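Below, each chain spelled out in residue letters.
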Amino acid sequence: MCLPNRGRDWSMEDKARVAAEIGAASRSGGYFFLRHHGIAADLLSAVYEETRRFYRLPVAEKTKYNAGERSQFLGYRGLGREKSTAHAGAEACEQYRIGNTQGSLGTPVAADFYHAPFVQGACLFKRLVDLGDRVFSACADDLGLPEADFDTSMNSPMHRLGFNHYGVGHAEEIGNTVDYAMSPHVDLSIFTILTQNESGLEVRGPEGEWICVPPVQDALFVFLGDYLQRWTNGLYVACEHRVRQVRTQRLSIQYKHRPGHDAVVSPLDRFVGEGKPARYGPFDTGGQYVSFLKSLLGSG
């Protein structure tokens with residue numbers, strides 16, 4: 001589907017059509033490709049090169065940026081650092097995160113320090129925040145919800161951009177025996193926007209099968225996270241996904257559109273009622289989310 005740029009004139013019919021297309025995909029599999037997204041190909045290429053350059057650094061250089069609770073989980077997650085939620089081992093990839101921080105969480109984080117290896121990545125982050133806002137607006141339109149309904153939840157949003165490296169032999173290096181490099185999971189986000197230079201991402205299909213998501217030129221892949229599913233009481237479907245073992249070096253760049261640190265996500269009133277009980281409890285995107293990350297990474 002195509003999402004017109006914010007600066008381009010487009011009719012109410014265009015807006016309604018895009019919202020309906022995103023809504024239909026969000027009610028079925030919870031994923032779709034997005035074209036005309038406004039992210040320049042040259043910028044994406046520059047960020048891929050920046051990512052390659054970082055992962056070529058010696059381990060001692062990369063670990064200067066180690067992620068942990070004190071960095072609000074910005075920074076580097078080394079190979080095997082993140083525990084799997086599906087098996088006894090760890091995730092067979094290296095990861096890095098940049099993004100927004102919350103100044104009220106104790107000692108201020110020197111976000112500029114953690115952003116330093118990814119100058120072009122920081123530029124991409126800003127553009128993806130804008131794109132994420134437009135996708136979220138389309139979701140609200142489809143659901144018939146005023147965007148103001150989310151104002152409290154989206155105060156000081158904790159959006160994040162990740163740069164992931166899946167290397168040949170990573171699984172063997174950390175002793176994994178499973179046939180995937182990233183465990184099946186649903187993102188704790190509103191939605192995730194992803195680009196990959198090689199195939200590897202798989203999404204769970206309607207019959208429980210794993211479907212390969214190929215790289216598509218000039219398109220970004222969007223898949224829904226837990227929070228939209230929870231807000232809509234299951235009307236929108238969160239996308240379970242994983243990354244299979246790779247046969248060549250693979251990079252992915254993933255942006256997570258997230259609420260503010262103080263948001264508590266639970267089914268909205270219009271999606272519950274007689275005959276429609278709440279299917280999900282509240283989730284605290286601050287403390288509860290931090291506890292989850294600490295269980296995966298440790299305090300750091």
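The rules behind these values
- Residues numbered from 1 in each chain as written.
- Predicted model: local features only at pLDDT ≥ 70, side-chain atom pairs only at ≥ 80, totals over all residues.
- Heavy atoms only, no water.
- Helix = DSSP H or I, 4+ residues; strand = E, 2+ residues; numbered from the N terminus.
- Rg over C-alpha atoms; globule rule 2.2 N^0.38 Å.
- Buried < 20%, exposed > 50% of the residue type's maximum accessible area, 1.4 Å probe, protein only.
- Areas by Shrake-Rupley, 256 points an atom, 1.4 Å probe, with all protein chains shown as cover.
- Lys, Arg positive; Asp, Glu negative; His and termini not counted.
- Charge placed at Lys NZ, Arg CZ, Asp CG, Glu CD.
- Pairing = 2+ DSSP bridges.
- Axes fitted to C-alpha atoms, helices over the stretch in contact; angles between N-to-C directions.
- Parallel < 35°, antiparallel > 145°, perpendicular 65-115°, else oblique.
- Contact = heavy atoms within 4.5 Å.
- Nonpolar A, V, L, I, M, F, W, Y, C, P; charged D, E, K, R; others polar.

A.B. asks: Account for the overall build of the protein, with residues named and values stated.
C.D. replies: A count of helices and strands for the protein gives eight helices and 13 strands. Against the compact-globule benchmark of 19 Å for 300 residues, the protein has a radius of gyration of 19 Å, which places it among compact chains. Oriented by its inertia axes, the alpha-carbon framework of the protein measures out at about 55 × 40 × 40 Å. Within the protein, buried positions represent 52% of all 300 residues. Carbon and sulfur atoms make up 50% of the accessible area of the protein, which totals about 13500 Å². Seen as two clouds, the 32 positive and the 35 negative side-chain charges of the protein have centres 4 Å apart.

A.B. asks: Now, about the pairing of strand E7 (residues 201-204): what can you tell me, with residues and values included?
C.D. replies: Look at any regular strand and the pattern is simple: side chains alternate between the two faces of the sheet. In the sheet, E7 pairs with strand E10 (residues 241-244) via three bridges, with the strands oriented antiparallel. By the bridge assignment, valine 203 is partnered in E10 with histidine 241. Between E7 and the antiparallel strand that follows it, strand E8 (residues 210-212), lie five residues; glycine 208 among them carries a positive phi value of about 90°.

A.B. asks: Account for the environment of threonine 85, naming residues and giving values.
C.D. replies: Looking at where threonine 85 falls in the secondary structure, it is placed in the loop between strand E2 (75-77) and strand E3 (94-99). When the C-alpha atoms of threonine 85 and phenylalanine 32 are compared, they prove to be 25 Å apart, with 53 residues separating the residues in sequence.

A.B. asks: I'd like to hear about the packing of helix H1 (residues 12-27) against helix H5 (residues 119-143), residue by residue, with values.
C.D. replies: Direction vectors running N to C along H1 and H5 enclose 85°, while the axes themselves pass 8 Å from each other. Classified by the angle their axes make, H1 and H5 are roughly perpendicular. The segment H1 lies against H5, with Lys15, Ala19, Ala20, Ile22, Gly23 and Arg27 engaging Ala138, Cys139, Asp141, Asp142 and Leu143. Class assignment for the residues of the contact of H1 with H5 results in six nonpolar, one polar and four charged.

A.B. asks: Can you lay out the sheet that holds E10 for me, pointing to particular residues and giving the numbers?
C.D. replies: What holds strands together in a sheet is hydrogen bonding between their backbones, with the strands either parallel or antiparallel. Strand order in this open sheet of four strands is E5-E10-E7-E8, and the pairing throughout is antiparallel. The open sheet has two edge strands with one neighbour each: strand E5 (180-185) and E8. Taking the axes of each pair of neighbouring strands and ignoring which way they run, one obtains an average angle of 25° across the sheet. Where E5 lies against E10, three bridges are found, and the strand directions are antiparallel. Bridged to methionine 182 within E10 is valine 243.

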